[in-house]
Amino acid sequence: MQEPITTAVVPGGRRRFKLLASSVALSMAAFGSLAGVTAGVAAAATFSPVTTQAYQVGSVATNISNVSVTANPLGVGATADYTVKLTTPSALGNSATITVSSTDMPSGIANATVADMTSGATYAATPSATTGGELFTLPATSVAISAGDAVVLTFTATNPSTAGADSYSVATSANTSPQSGTATSVTYTTSTAGAPTVTQSTEVPSVGATYSLAGLALTGNAYTTYAPHIDLYACQTLTLTGTAGGQTSSNPCLSNGSLTSTAGTLTWSPTAGGYTVSETGVPAGTTAPSITVTNAVPVTGTGVPDEVVLTLSAPPVPGGTLTIGATASNPSASEKDYLVAGFGGCASGTCSAATDTWFGSGNQLQFGASVANLTVTPSSTTSGGTANYTISFNASSTGAITTGGTITLVAPKGTAFASPSGAIVTDSTTGVSYVASGVTPSTSTGGTTTDTLNLSVPNGFVISKGDAVTITVFGVTNPAAGSYAGANGFTVSTSADLITTTNTTAYTITPATISSQAPVVTLSSSTPGALATYTIASFKAASNLVAGTDTIQISAPSGTLLPGTATLTDTTTAAGSQTLTAKTGQNSNSVTYGLAANVTAGDVLTITMASVVNPAAGSYTIQLGADNVANNATTAGTQGLAAIAPVFPTAGTSGSYPDGGIVNFSGTFYVFAGGHAFGIPSLTALTGIRAVDPAVVQNAASGATVPTTAPAVGTTIMAYNNPTIYVVGTDGQLHGFATPAQFSGDGYDGADVITVSGLGGITVGATVGSVGTAANAASTMANGAIVNSSGTFYVYAGGKAYGIPTAAALMSVIAGDFATPITGSVTSAQTGATSRNGTLVTYGSAVYVVNGGDLFEFKSMAQLLADGYGGTPSIVVPNVGGQALVTAYSGS
């Protein structure tokens, strides 16, 4: 069995190393521009008026808004996908209905789904015919659509049989008038002749593929001259004129007299067997010829598009429609090309472009496959918060995404899709949407959360090349604070893709911020024009308010009539409770009340006003202020009142007690490590601890008792008079290290070894070497441990694992952390935890202390020292791990 570390093995430098690392982590530079800022509020401070949270008078508008109705395709009699969008003015609950009416309703309505775009909830709706339209009924249970939510209804139906514009109106069962709503129109069409279409068997670069150019409507007699030929071109720029995409004399691949070549090379088949030509729809009295290709000559050369000249066995019949099939090897480069066919007569081997008629495909071939113009926008950017993500991209580089295909979304590590998840996919080009609900997310390679979502394309839904696509995914949990793009971004691919695309336009996730809580307004009645009692709670006196001199002003929205008296309740000091009497503004919306009794700074206050006349319906806030009566103010004052801010947790705050903190409990000193209080029995012990621990002694709160909490697993300690370093194991016992190499090799950070007065009666167990991996820093979640878990790195601080998203972030952590990275397994419980109270972390240019799952920012080194954290190591973290930042507080 190895012996614990001795003075001979680890000299006193080990203790100095702790102080040095701590000092580096907490240097003034760490505070950036906040260095030197002092806490507290000057006596002459000026405060902005306090604004309450919003409150509602009356109901919101009764008409729905933002209505649109879209169908795709628009051909008469076609089976189409319909998308109905609206903003509901009122809440829709169980069995609520949405009515869609039209001058010529589609038939066979089915597959109806309603999505609440605001909450992310989706519901299967039951369609039924009603007068002039269709009634869509929501389920009888668990429906909760709030007023103001954006709602999307999707269904399939057969388009009307008559072409032209049909007017639609939309309503809900919550409308004052059931058929109210904004009208919108859908224009149905009949098919018309156009440019020929081109299809390809595969978009994979550098592989063989087959092509079809169909719908070439032949006019004139040029095709019967001598030995007919066809020129096939692939070009990137196309100029089309004439009927049905055809034109004479001028090659549509020409641009300013020059041929527009492809970026790569479309290598046509060099043999006649690689091509087919067929004709249909010939005029009455004629017979479609049997056409074969007798010769194929690919044309090569600098500055020309990819071209092949085909010789036909027989000319086509004028008035028919031609289809050309061809084989070729796809270009190696990613590009888009038009396919062009030219027809004419060749006499004695000489072909004249002047006699040719040219046809260019109305759509493009696509080589290579990746979505384009990808952007990602979260509805909320708060780390750890829940947001709806809007993912937009252009499918021009992907090919059609058809029935049974998939769209795969992979979010950055630390992001989590809801399980099950819901989303709505909109083809913005056609306006058609489909709702994906109950989708089970999965974990990507190397991921640790459910960060992958596969959305299946339903029957009949097609996203064509060039279409703009917008996907809204509901209930996504944001990752750690940071900027997400490129290698650290959000990736999208589809079943038509070969290449995964990552957003290059970054979106930023910010730490949650805790600020003062705005007062809440409660109304006894919200009826417009009615009398009501208003209660405004809670706010505080930011300075002493003097009876007979100072005043409190209340500014309510226009149309509100405030009474001549009000009641001020001081919940801190009973003597501050009083009746307020209006000095000015009675029965107006802005009243100045005089004080009859003094109010002490810091007291928590509530104001109650009876017989207030409500304004018109709407959403409102109220402003509160206090001022000197000499100002004769009739609007909210700028002194004396403030919202209630959090209180900063000093090292003596109950439940905080940081590592290295020294606290005086009624004359007895204790030093803390891992939340455990180690009693300091003598001045000698205190002096020994203070030699390496510069913490300013804090007094415990009056009446506070010494905690008896066992030290947290992973806490590393050493007694002031014994150089042995111990770690608290998962069994609660102390395990000693035998050598410095063992300490370092097990992933511990020397800066986080806390000097205590003794072992505090904790059982000393086997040495670390005997325990094995169960005692390494990954297993004990020791402060500062850097752990590689399946390729993703984490750093532990206060029992929480902070994910390190990039190599650059890892280097930043390592620069301030002396632990040797080790391999281990990090769980979702550890990443989802909050750091223990009293943990210090360095994030960006500031240092924070954790309290109640929030991070309180130190404003200066002087504050940090004065509040008892001078001996507490700070752990460098790459993000705040979903914990909120508190930068405005009282008490320090």
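Residues numbered from 1 in each chain as written. Predicted model: local features only at pLDDT ≥ 70, side-chain atom pairs only at ≥ 80, totals over all residues. Heavy atoms only, no water.

*Asks:* What should I look at first to understand the overall build of the protein in this one?
*Replies:* Scanning the protein for helices and strands turns up 8 helices and 66 strands. Of the contacts made within the protein by residues no fewer than 6 positions apart, 75% connect residues no fewer than 24 positions apart. For the protein, the accessible area works out to roughly 34600 Å², and carbon and sulfur atoms hold 54% of it. (Helix = DSSP H or I, 4+ residues; strand = E, 2+ residues; numbered from the N terminus. Contact = heavy atoms within 4.5 Å. Areas by Shrake-Rupley, 256 points an atom, 1.4 Å probe, with all protein chains shown as cover.)

*Asks:* Help me out: how do you make sense of the sheet that holds strand E59 (residues 792-797) in this one?
*Replies:* Through backbone hydrogen bonds, the strands of a sheet pair up, either in parallel or in antiparallel fashion. A sheet is described by the order of its strands in space; here 4 strands give the open sequence E60-E59-E58-E61, paired in mixed fashion. The open sheet has two free edges, formed respectively by strand E60 (800-804) and strand E61 (822-823), since each of these has just one partner strand. Two strands pair when backbone bridges link them, and strand E58 (residues 786-789) and E61 are joined in this way by 2 bridges, in the parallel orientation. Opposite Asn-788, over in E61, you have Thr-823 as the bridge partner. (Pairing = 2+ DSSP bridges.)

*Asks:* I'm lost on the nonpolar core in this one. Help?
*Replies:* Nonpolar side chains tend to gather and get buried jointly when the protein is soluble and globular. Membership of the largest hydrophobic core comes to 34 residues, with the highest contact counts inside it found for Ile-391, Leu-409, Leu-455, Ile-471 and Phe-490. When residues of this core are traced back to their parent elements, those giving at least two are strand E28 (372-378), strand E29 (386-394), strand E30 (406-410), strand E31 (421-427), strand E32 (432-439), strand E33 (452-456), strand E34 (468-477) and strand E38 (507-509). Formed by 33 residues, the second largest nonpolar core is a distinct cluster that contains Tyr-534, Ala-541, Leu-595 and Ala-626. (Core = buried A, V, L, I, M, F, W, Y, C linked by side-chain atoms within 4.5 Å. Buried < 20%, exposed > 50% of the residue type's maximum accessible area, 1.4 Å probe, protein only.)

*Asks:* Got a minute to help me understand the environment of Ser-201 in this structure?
*Replies:* Take Ser-201: it is sitting in the loop between strand E13 (197-200) and strand E14 (208-217). Spatially, the C-alpha atoms of Ser-201 and Ser-212 are 8.9 Å apart, while their sequence positions differ by 11 residues. Once residues within four sequence positions are removed from consideration, Ser-201 is found in contact with Ala-209 and Thr-210. Side-chain polar atoms of Ser-201 contact the backbone nitrogen of Thr-210, separated by 3.0 Å. (Polar contact = N/O pair within 3.5 Å; in protein donor to acceptor, adjacent residues only side chain to side chain.)

*Asks:* Quick question: what am I supposed to make of the packing of aromatic side chains here?
*Replies:* The relation between two aromatic rings is expressed through the spacing of the ring centres and the mutual angle of the planes. Considering all chains together, one arrives at 22 aromatic pairs under this definition. Centroid distance Tyr-484 to Tyr-507: 5.8 Å. Interplanar angle 25°. Geometry classified as stacked. Here Tyr-507 lies in strand E38 and Tyr-484 lies in strand E35 (residues 482-484), a separation of 23 residues in the sequence. Like Tyr-507, Tyr-484 is buried. Plain terms: the ring middles of Phe-737 and Phe-743 are 4.9 Å apart, the flat faces sit at 70° to each other, and that makes the pair edge-to-face. The same class applies to Phe-737 as to Phe-743, namely buried. Each residue in the set Tyr-389, Phe-417, Tyr-484, Phe-490 and Tyr-507 is aromatic and connected to the rest through ring pairs, giving one cluster. Its end group placed over the ring of Tyr-802, Lys-800 keeps NZ or CZ at 5.5 Å from the ring centre. Of note, Lys-859 hangs over the ring of Tyr-889, and the distance from its end group to the ring centre comes to 3.5 Å. (Phe/Tyr/Trp six-rings, centres within 6.5 Å; stacked < 30°, edge-to-face > 60°. Lys NZ or Arg CZ within 6 Å of the ring centre and 35° of its normal.)

*Asks:* Help me out: how do you make sense of the confidence of the model for the protein in this one?
*Replies:* Parts of the prediction with low pLDDT should not have their coordinates interpreted in detail. Of the residues in the protein, 83% reach a pLDDT of 70 or more, and the chain-wide mean stands at 82. Below pLDDT 50 for its whole length, residues 242-249 participates in 25 contacts with residues either more than four positions away or in separate chains. Considering only residues more than four positions removed or in separate chains, one finds that residues 629-638, a stretch of pLDDT under 50, has 30 contacts. (pLDDT = per-residue confidence, 0-100.)

*Asks:* What exactly am I supposed to notice about the environment of Ser-656 here?
*Replies:* With respect to the helices, strands and loops of the structure, Ser-656 is situated in the loop between strand E49 (641-642) and strand E50 (662-665). We classify Ser-656 as buried; its relative accessible area is 3%. On a C-alpha basis, the gap between Ser-656 and Gly-675 in space is 7.9 Å, while along the polypeptide they are 19 residues apart. Leaving out residues up to four positions away in the same chain, Ser-656 has contacts with Pro-649, Thr-650, Asn-837, Gly-838, Asn-851 and Tyr-869.

*Asks:* It is not clear to me how helix H2 (residues 683-690) should be interpreted in this structure. Could you clarify?
*Replies:* Turn by turn, an α-helix covers 3.6 residues, leaving residues three or four places apart pointing in a common direction. Every buried residue of H2 is listed here: Ala-685, Leu-686 and Ile-689. All buried residues of H2 lie within an arc of 100° about the axis, which places them on one face of the element. In H2, the exposed positions that point more than 90 degrees away from the buried face belong to Leu-683 and Thr-684. Where the residues of H2 are buried, they touch E50, strand E51 (668-673) and strand E57 (753-756). (Arc of directions from axis to C-beta.)

*Asks:* Would you mind showing me how to read the sheet that holds strand E3 (residues 65-72) here?
*Replies:* Strand order across the open sheet formed by 5 strands is E3-E4-E10-E6-E7, with antiparallel pairing between neighbours. Both outer strands of the open sheet, E3 and strand E7 (122-124), are each paired with one neighbouring strand and no more. Strand-to-strand twist in this sheet, taken as the mean axis angle between neighbours without regard to direction, amounts to 20°. (Axes fitted to C-alpha atoms, helices over the stretch in contact; angles between N-to-C directions.)

*Asks:* For this particular structure, what's the right way to read the pairing of strand E20 (residues 275-280)?
*Replies:* Along any regular strand the residues' side chains alternate between the sheet's two faces. Side chains Tyr-275, Val-277 and Glu-279 of E20 all project onto a buried face; the interleaved residues Thr-276, Ser-278 and Thr-280 project onto a face where none is buried. Pairing geometry for E20 and strand E23 (residues 321-329), over 6 bridges, is antiparallel. Bridged to Val-277 within E23 is Ile-324.

*Asks:* It is not clear to me how unusual backbone geometry should be interpreted in this structure. Could you clarify?
*Replies:* Excluding glycine, a negative phi dihedral is what most residues carry, and trans is how most peptide bonds are arranged. Residues Ser-419 and Pro-420 are joined by a peptide bond in cis, for which omega reads -5°. The residue after Ala-537, namely Ser-538, is reached through a cis peptide bond having omega -10°. Along the polypeptide, Ser-538 turns up in strand E41 (residues 531-541). Positive phi is not limited to glycine here, since Asn-111 has a value of about 55°. Along the chain, Asn-111 turns up in strand E6 (residues 107-116). Assessed through its relative accessible area of 60%, Asn-111 is described here as exposed. The backbone phi angle of Ser-142 is positive, close to 60°, even though this residue is not glycine.

*Asks:* I keep staring at helix H6 (residues 807-815) and nothing clicks. Help me out?
*Replies:* What H6 keeps buried is the set Ala-809, Leu-810 and Val-813. Burial along H6 is one-sided: seen end-on, the buried residues are contained in an arc of 100°. Structural note: H6 exposes Ala-807, Ala-808, Met-811 and Ala-815 on the side pointing more than 90 degrees away from its buried face. Contacts made by the buried residues of H6 are with E58, E59, E60 and strand E65 (874-876).

*Asks:* Got a minute to help me understand the side chain of Asp-749 in this structure?
*Replies:* Tracing the sequence through the fold places Asp-749 in the loop between helix H3 (740-745) and E57. Separated by 3.1 Å, the side chain of Asp-749 and the backbone nitrogen of Ala-751 make a polar contact.

*Asks:* I would appreciate a short explanation of the pairing of E13 in the present structure.
*Replies:* Residues Val-198 and Gln-200 point to one face of E13 and are all buried, whereas Thr-197 and Thr-199, pointing to the other face, are not buried. Pairing between E13 and E14: 4 bridges, direction antiparallel. Residue pairing in the sheet places Gln-200 in a bridge with Tyr-211 of E14.

*Asks:* Can you help me understand the side chain of Gln-863 in this one?
*Replies:* If you trace the backbone, Gln-863 turns up in helix H8 (residues 861-866). The class of Gln-863 is buried, set by a relative accessible area of 6%. Within the structure, the side chain of Gln-863 is placed 2.7 Å from the backbone nitrogen of Lys-859, a separation counted as a polar contact. Setting aside chain neighbours within four positions, we find Gln-863 in contact with Phe-648, Glu-857, Phe-858, Tyr-889 and Ser-892.

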